[in-house]
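Spelled out from the first residue to the last, the chains are:
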Amino acid sequence: MLKAIISALLSLVCLAAAAQDTVCISLPDAIARARSRSVDAAVALNKLRSAYWQYRTYRAELLPEVGFKATIPGYYKQYSSYQNADGTYSFVRNNYLNMSGELSVSQKLWFSGGTVSLNTSLDFIRQLSDSKDNRFMAIPVALTLAQPIFGVNTVKWNRRIEPERYAEAVAAFMSETEEVAMATINYFFNVLMARENVEIAVQNLRNAEKLYEVAREKRAMGRISENDLLQMELNVLDSRSSLTSRESDLKSNMFRLRSFLDYDGDVEIVPLLPDDVPGVEIVYADALDRALENNKFAKSVRRRQLEADYAVAQAKGQLRQIDLFAQVGYTGTGNRFRGAYDPLKDNQVVEIGFSIPILDWGKRRGKVKVAQSNRELMESQLRQETQNFSQDLFILVERFNNQQLQLDIANRADTIAQQRYDTNVETFMIGKISTLDLNDSQTKKDQSRQALVNELYLYWYYYYQIRSITLWNYAAGTDITADIASILRQ
């Protein structure tokens, strides 16, 4: 009943202030605005964009790359050293014009880690000395393979790691949007509590002034002691001081909420007390399954395990290194352009190079052992973090499930405390209770009201905290998803 009355009064306040710079906002509306306007939401979006372009870069590396490079033209007039047949050196003059172009298509082979490319090129040299000769050299087609053997296949490992990294970033973005809601709840209820405290302080001051006037009349009739009268006067002074302090707290919290929701500096926000809650019961086992499937922590575990395995593979790949380079194709030269393509000659290159340490004092094998030890340490840390994650989620679910009962108790306590205070005020005015009893009922009334707002705050905070971990909307019974492509286009 009391909550309905307060909601009606707030609605009247909002209607009265509609023409002024006053905004009455519900908790869902505040959360929706924060997700689109707050700095925290912008930071989360920028993190997602960075991860997206990193993933796009990785995906582009798997696709064929077409390249073209050219020199048009290059002019050279210089002297360079030349070794004669008898071993002596002389300087000769070079004066020529050079032009060249090459078109290539290359593709990384994810299954082997090598690179295959197809090239075609044309080079032209024109001597600018007395002979003024022209020379063309063409490579119509050349197929090249560069393949490391026994080394780590970085492309293959990236195919396993990078999708996990991006999935982790998407899950982190979704969790951070829920964390924006948690921050909104914090700011929202701080203002709500501050307004409640101001209203309590105003009511207490009015009652204290009224009771002080009654006490003065009773003192004049000799029905109460001077001590009781002084106590009532002190109550008035304390109420005025409390009101000033509460108003200052309200302004501070209002400023924080206004900045967070991106409102103008002269807007006064009136938060509406949430009058209903989802009333859901969460099963821990179900919440844990959803968290291990959706949460960024679970995806981080898989990504870190893969990175530890990759570090071991890298260290093992450095024990020995063998590279294969092979190129087959055709080439031709001539004084004219057509002559460079007719006739064509075979052009073949095959190289196998290797690097095997003879004596490195165990340095490379030591790196393998270090990588393996780091992997074992990582696995132990991940097991511990998983246990802590499960334990924290269990505690959170228990607190949330108990919060419904706490909220019901707080509602009942608030109603009883308010009724008791109203009764004691009437009883005091007819002189049947002392000021100590009246002050006690006022304190209980204030504490019960504050406890109700606090329990409501905890309910919503726990609820969105569980949503941020499980990425599951328990009220709707659906996954918390988003159209990432449209979000990135914003």
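Our subject is the structure listed above.
Cut-offs used in this document
- Residues numbered from 1 in each chain as written.
- Predicted model: local features only at pLDDT ≥ 70, side-chain atom pairs only at ≥ 80, totals over all residues.
- Heavy atoms only, no water.
- Axes fitted to C-alpha atoms, helices over the stretch in contact; angles between N-to-C directions.
- Helix = DSSP H or I, 4+ residues; strand = E, 2+ residues; numbered from the N terminus.
- Parallel < 35°, antiparallel > 145°, perpendicular 65-115°, else oblique.
- Left-handed = near helix turned anticlockwise from the far one by under 90°.
- Contact = heavy atoms within 4.5 Å.
- Nonpolar A, V, L, I, M, F, W, Y, C, P; charged D, E, K, R; others polar.
- Buried < 20%, exposed > 50% of the residue type's maximum accessible area, 1.4 Å probe, protein only.
- Polar contact = N/O pair within 3.5 Å; in protein donor to acceptor, adjacent residues only side chain to side chain.
- Phe/Tyr/Trp six-rings, centres within 6.5 Å; stacked < 30°, edge-to-face > 60°.
- Lys NZ or Arg CZ within 6 Å of the ring centre and 35° of its normal.

A.B. asks: Mind showing me how you'd approach the packing of helix 5 (residues 226-260) against helix 9 (residues 435-470) here?
C.D. replies: In a pair of packed helices, the angle between the axes and the distance between the axes together describe the arrangement. At their nearest, the axes of helix 5 and helix 9 sit 11 Å apart, and the two run at 20° to each other. Between helix 5 and helix 9, the interaxial angle falls into the category roughly parallel. Crossing geometry of helix 5 relative to helix 9 is assigned as right-handed. Contacts between helix 5 and helix 9 involve Asp228, Gln231, Met232, Asn235 and Arg246 from the first element and Thr435, Leu438, Asn439 and Gln450 from the second. Partitioned by chemical class, the residues of the contact of helix 5 with helix 9 number 2 nonpolar, 5 polar and 2 charged.

A.B. asks: Looking at this model, I keep getting lost on the side chain of Asn95. Mind explaining?
C.D. replies: Note that Asn95 resides in strand 3 (residues 89-108). When its relative accessible area of 13% is taken as the criterion, Asn95 is described as buried. Polar side-chain contacts of Asn95 include one of 3.2 Å to the side chain of Tyr75. Beyond its immediate chain neighbours, meaning those up to four positions away, Asn95 contacts Tyr75, Tyr76, Lys77, Arg126, Gln127, Leu128 and Ser129.

A.B. asks: I keep staring at the packing of aromatic side chains and nothing clicks. Help me out?
C.D. replies: To describe a pair of aromatic rings, one takes the distance between the centres and the angle between the planes. Counting across every chain of the model gives 20 aromatic pairs. Pairing Tyr55 with Tyr166 gives two aromatic rings, centres 4.6 Å apart and planes at 10°, and the pair type is stacked. Note that Tyr55 is positioned in helix 3 (residues 39-61) and Tyr166 in helix 4 (residues 154-220), a separation of 111 residues in sequence. A ring pair is formed by Phe188 and Phe189, whose centres lie 5.7 Å apart and whose planes are at 70°; its orientation type is edge-to-face. According to the relative accessible area criterion, Phe188 is buried, its value standing at 0%. Since its relative accessible area comes to 3%, Phe189 is described here as buried. Taken together, Tyr52, Trp53, Tyr55, Tyr58 and Tyr166 form an aromatic cluster joined through their ring pairs. One residue, Arg33, lies across the ring of Tyr263, its end atom 3.8 Å from the ring centre. Above the face of the Trp110 ring, Arg159 is positioned so that its terminal group lies 4.1 Å from the ring centre.

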